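The primary structure of each chain is shown beneath.
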Amino acid sequence: MSKKSSLGRGLDALLGKPAEAGKAEGPQVQTLALDRIVQAAYQPRQVFAAEGLAELAQSIRDKGVLQPLLVRPRAEHFEIVAGERRWRASQLAGLSEVPVIIRDLGDREALEIAIVENLQREDLGPLEEARAYQALQEQGLNQEGVAQAVGKSRSAVANALRLLTLPEAALRALDAGQISAGHARAILAQPEGDRAWALDQITARSLSVREAEALKREKRAGSEPIKVNPPRAFRQLELDLSRRTGTRVRITGEDKGRVELNYGSREELDRILNLLGYAEE
């Protein structure tokens, strides 16, 4: 897939660099009125901190917009592909026009570029990243295709997408910054019926990620059989394997027993098998 190498090397590799003075090659920077530019139909980044926008607006007042926006034509207007934060800050700064590069891009390519720009700047929250990957899947890509498009490993994409399976309350907590992605993965490592309990424990007790990973709910006598905690060495091994595989791992027995790895889809099973070095003939 040709886009993997371009996007994986960054936006300059895909878009090229602006032409130097006296040279015709490279994308041409133009000037567009702000009122001719509209927001993208899909923007991976949903949160723009007011304080950060105000600081960028002041910088733009002092030095101007140093990096052009990337836009694509849409009827009478131009839709932002990359640079919405600069566009918002330029409005705050009182500008009437901004430098742009105009490219005729399809929906999927525009979405890929928007995601990569935000990932390279580390601007996306964990759920914003997961939803962006999900949007690419809705454009017809499988997990491997998404990974190639954004220059990430397939396991990284799978782990991000898995966050979308959190209980609704945990999704809200992660979106609000009340828990981290590490906490969220610890919640997903719990049995499905214990995930709401795990979230309550994490938030009520302000648990660290490591403490959240060690959570174990004791079953009440008379309801379900009480499960004996595995030996300490095995418990740590379970945690290590869970982090390595991105899924819940359980070890039962002592001198002999079994190792269980959970998966929720065929794609996730394929990812785990790849991690274990298994390849179909």
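The protein chain is annotated in an unreviewed UniProt entry as Chromosome partitioning protein ParB of Deinococcus arcticus. Regarding the protein chain, the UniProt comment filed under Sequence similarities (unreviewed entry) reads as follows: "Belongs to the ParB family."

S.K.: Mind showing me how you'd approach the environment of Asp62 here?
M.R.: You can see Asp62 is positioned in helix 3 (residues 50–63). A relative accessible area of 54% places Asp62 in the exposed class. Taking the C-alpha atoms as reference points, Asp62 and Ala93, separated by 31 residues in sequence, lie 9.6 Å from one another.

S.K.: Sorry if this is basic, but what is going on with helix 9 (residues 168–175) here?
M.R.: Residues three or four positions apart in an α-helix share a direction because the helix packs 3.6 residues into each turn. Taken as a whole, helix 9 has its buried residues at Ala170, Leu171, Ala173 and Leu174. For helix 9, the angular spread of the buried residues around the axis is 165°, confining them to a single face. Away from the buried face of helix 9 by more than 90 degrees, exposed residues Glu168 and Arg172 are located. Tucked inside the fold, the buried residues of helix 9 contact helix 6 (126–138), helix 10 (181–188) and helix 11 (195–205). Gly177 occupies a position one or two residues after helix 9 and carries a positive phi of about 80°.

S.K.: Got a minute to help me understand unusual backbone geometry in this structure?
M.R.: Most peptide bonds are trans, and most residues other than glycine sit at a negative phi. Of note in the backbone geometry, Ala75 takes a positive phi value of approximately 55° without being a glycine. Examined against the element boundaries, Ala75 turns out to sit in the loop between strand 3 (69–74) and strand 4 (77–82). Judged by its relative accessible area of 84%, Ala75 is exposed. For Ser206, which is not glycine, the phi dihedral falls at a positive 50°.

S.K.: How should I be thinking about the sheet that holds strand 4 in this particular structure?
M.R.: Sheet strands associate in pairs through backbone hydrogen bonding, adopting either a parallel or an antiparallel arrangement. With mixed pairing, five strands are arranged side by side in an open sheet as 1-5-3-4-2. The sheet is open, and its two edges are formed by strand 1 (29–33) and strand 2 (37–38), each paired on a single side. Bridge analysis of strand 1 against strand 5 (residues 97–102) gives five bridges, and the strand direction is antiparallel. Bridging from a neighbouring strand, Val29 pairs with Ile101 of strand 5.

S.K.: How should I be thinking about the pattern of salt bridges in this particular structure?
M.R.: Should the charged atoms of two oppositely charged side chains come close, the side chains can pair. Evaluated as defined, the whole model comprises seven salt bridges. In this structure, the salt-bridge partner of Glu84 is Arg88, at a minimum N-O distance of 2.9 Å. One end of the pair is Glu84 and the other is Arg88, both in helix 4 (residues 84–92) and four residues apart, which spans about a single turn. The exposure class of Arg88 is partly exposed, given its relative accessible area of 26%. Ionic pairing is found between Arg131 and Asp175, a salt bridge with its closest N-O pair at 3.1 Å. Within this pair, whereas Arg131 is found in helix 6, its partner Asp175 is found in helix 9, the two being separated by 44 residues in sequence. Taking relative accessible area as the criterion, Arg131 reaches 32% and is therefore assigned partly exposed. Look at Asp175 and you get partly exposed, because its relative accessible area is 44%. If you follow the salt bridges from partner to partner, you end up with Arg72, Arg74, Glu79 and Asp107 in one network.

Cut-offs and rules
- Residues numbered from 1 in each chain as written.
- Predicted model: local features only at pLDDT ≥ 70, side-chain atom pairs only at ≥ 80, totals over all residues.
- Heavy atoms only, no water.
- UniProt positions renumbered as here; feature names shortened; annotations may be inferred.
- Helix = DSSP H or I, 4+ residues; strand = E, 2+ residues; numbered from the N terminus.
- Buried < 20%, exposed > 50% of the residue type's maximum accessible area, 1.4 Å probe, protein only.
- Arc of directions from axis to C-beta.
- Contact = heavy atoms within 4.5 Å.
- Pairing = 2+ DSSP bridges.
- Salt bridge = Lys/Arg side-chain N within 4 Å of Asp/Glu carboxyl O.

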